[in-house]
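Listed below are the residues making up each chain.
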Amino acid sequence: MIEFHRLSKAYHEVKALDEVSFTVQPGTITGFLGPNGAGKSTAMRILAGLSRPTSGRATVLGRPYAELERPGYDVGTLLDAGAQHPGRSGREVLTLGAMMLGLPRSRADEVLRLVGLSPKEGRRPVGGYSLGMRQRLGIGHALLGRPRALILDEPANGLDPRGIHWMRGLLRDLAGSGCAVLLSSHLLHEVEQVADRIVMIGAGRVLAEGTLAELGRGRDLERTFLELTSHADRSLA
Ligand SMILES: Nc1ncnc2c1ncn2[C@@H]1O[C@H](COP(=O)(O)OP(=O)(O)OP(=O)(O)O)[C@@H](O)[C@H]1O
Ligand SMILES: [Mg+2]
């Protein structure tokens, strides 16, 4: 379970988050949808213990991330897919990650297969990866342990339609085994294909949330998203 309770974050005069509250239940995938600057990354970074809230709280598996016993094993995070050392190969990145979690090195090869990177691609330096390959590696890194919660910031960024389809299958399987999945996007069609609940955020505030059926699909959902986010921008100006 992932929970945000009245989470607020201010950077000087900028209110990046304003009393954000919502829950991601185990076994479900929530899409965190909002335009650029809405506050998605800020909320996810606080959830992963990388930034402190001004007020309110964020918990994962019932506790603040920093208080978990095995955070790297129980919670998978993808917060900046470009953050890997460019000179290391994908396989080295995963092997180091596995070793840090006390897992056998063979886990790196399992994960490479899981995210659809070939052994040859796994041996190439990450600096030469395409955007989609970096995303796959980042998703793989988040899956090294046995996460019961996943925090993925823009995981579909750079994935082609086949890649998004693949990710959907992967996240569905994980949710099927009880994982709580939170993924962000600024693109409606990406989350719509993957998530079963959507939380729309604009200017640091939750604007709407519900299942796809509740919020409407396709054009209806797009209209809701555009209307709500443009209203949020106006009220901020
Ligand atoms: N370290 C920081 N210092 C100052 N302001 C920040 C900082 N990080 C984020 N902000 C501000 O907080 C707001 C929310 O930013 P955030 O990165 O959370 O948005 P986002 O929804 O992830 O956007 P995007 O879709 O572009 O990734 C923005 O106004 C941003 O400028
Ligand atoms: Mg962001």
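A quick note: this is a predicted structure, and the numbers were derived from the prediction, not measured.

Engineer: If you had to explain the packing of aromatic side chains to someone new, which residues and values would you point to?
Structural biologist: What the rule picks out here adds up to three aromatic pairs. Aromatic pair Phe 4 and Phe 22: ring centres 4.7 Å apart, planes at 35 degrees, arrangement tilted. Remark: Phe 22 occurs in strand 2 (residues 14–24) and Phe 4 occurs in strand 1 (residues 2–11); sequence separation between them is 18 residues. Using a relative accessible area of 3% as the deciding quantity, one classes Phe 4 as buried. Assessed through its relative accessible area of 4%, Phe 22 is described here as buried. Here Phe 4 and Phe 32 contribute two aromatic rings whose centre-to-centre distance is 6.5 Å and whose plane-to-plane angle is 25 degrees, an arrangement assigned as stacked. With Phe 4 in strand 1 and Phe 32 in strand 3 (residues 29–33), this residue pair connects regions lying 28 residues apart in the sequence. Judged by relative accessible area, Phe 32 falls into the buried class, the value being 0%. Grouped by ring-pair contacts, the aromatic residues Phe 4, Phe 22 and Phe 32 constitute a single cluster.

Engineer: Tell me about the pattern of salt bridges, residues and numbers included.
Structural biologist: Using the criterion set out here, one finds nine salt bridges in the structure. Here Arg 172 and Asp 196 are joined by a salt bridge, their closest N and O atoms 2.9 Å apart. A residue pair is termed long-range when its members are at least 10 positions apart, and Arg 172 in helix 7 (residues 161–176) and Asp 196 in the loop between helix 8 (188–194) and strand 8 (197–202) qualify at 24 residues.

Engineer: Describe the side chain of Asp 153, naming the residues involved and giving the relevant values.
Structural biologist: Summarising the element assignment, Asp 153 is placed in the loop between strand 6 (149–152) and helix 7. Of the side chains with opposite charge, Lys 40 comes closest to the buried, unpaired Asp 153, at an N-O distance of 6.4 Å. Separated by 2.5 Å, the side chains of Asp 153 and Ser 41 make a polar contact. Not counting residues within four places of it along the chain, the set of residues in contact with Asp 153 comprises Ser 41, Met 44, Leu 78, Leu 79 and Ser 184.

Engineer: Can you explain the sheet that holds strand 3? Please cite residues and give values.
Structural biologist: Ordered by their spatial adjacency, six strands build an open sheet running 5-6-7-3-8-9, and the pairing between neighbours is mixed. In this open sheet, the two edge strands, each paired with only one partner strand, are strand 5 (75–78) and strand 9 (205–211). Going from strand to strand, the sheet's axes swing by 15 degrees on average, the running direction of each strand aside. With four bridges connecting them, strand 5 and strand 6 associate as parallel partners. Considered in strand 6, the bridge of Val 75 is made with Ala 149. This element, helix 6 (residues 131–142), spans strand 5 and strand 6 of the sheet and lies at about 160 degrees to strand 5.

Engineer: Got a sec to walk through the pairing of strand 8? Specific residues and values, please.
Structural biologist: Extensive coverage of strand 8 is indicated by the burial of five of its six residues. Across four bridges, strand 3 lies against strand 8 in parallel orientation. Within the sheet, the bridge partner assigned to Leu 33 lies in strand 8 and is Met 200. Here six bridges tie strand 8 to strand 9, and the two strands are oriented antiparallel to one another. Paired with Arg 197 across the strands is Thr 211, a residue of strand 9. The antiparallel pairing of strand 8 with strand 9 creates a hairpin that spans two residues between the two strands, and Ala 203 there sits at a positive phi of about 50 degrees.

Engineer: Hey, could you go over unusual backbone geometry for me, with residue numbers and the actual values?
Structural biologist: One non-glycine residue, Arg 6, adopts positive backbone phi at about 45 degrees. Among the secondary structure elements, Arg 6 is positioned in strand 1. By relative accessible area, which is 46% here, Arg 6 ends up partly exposed. With phi around 55 degrees, Glu 154 is a residue other than glycine that occupies positive phi space.

Criteria and cut-off values
- Residues numbered from 1 in each chain as written.
- Chains lettered and ligands numbered in written order.
- Predicted model: local features only at pLDDT ≥ 70, side-chain atom pairs only at ≥ 80, totals over all residues.
- Heavy atoms only, no water.
- Phe/Tyr/Trp six-rings, centres within 6.5 Å; stacked < 30°, edge-to-face > 60°.
- Helix = DSSP H or I, 4+ residues; strand = E, 2+ residues; numbered from the N terminus.
- Buried < 20%, exposed > 50% of the residue type's maximum accessible area, 1.4 Å probe, protein only.
- Salt bridge = Lys/Arg side-chain N within 4 Å of Asp/Glu carboxyl O.
- Lys, Arg positive; Asp, Glu negative; His and termini not counted.
- Polar contact = N/O pair within 3.5 Å; in protein donor to acceptor, adjacent residues only side chain to side chain.
- Contact = heavy atoms within 4.5 Å.
- Pairing = 2+ DSSP bridges.
- Axes fitted to C-alpha atoms, helices over the stretch in contact; angles between N-to-C directions.

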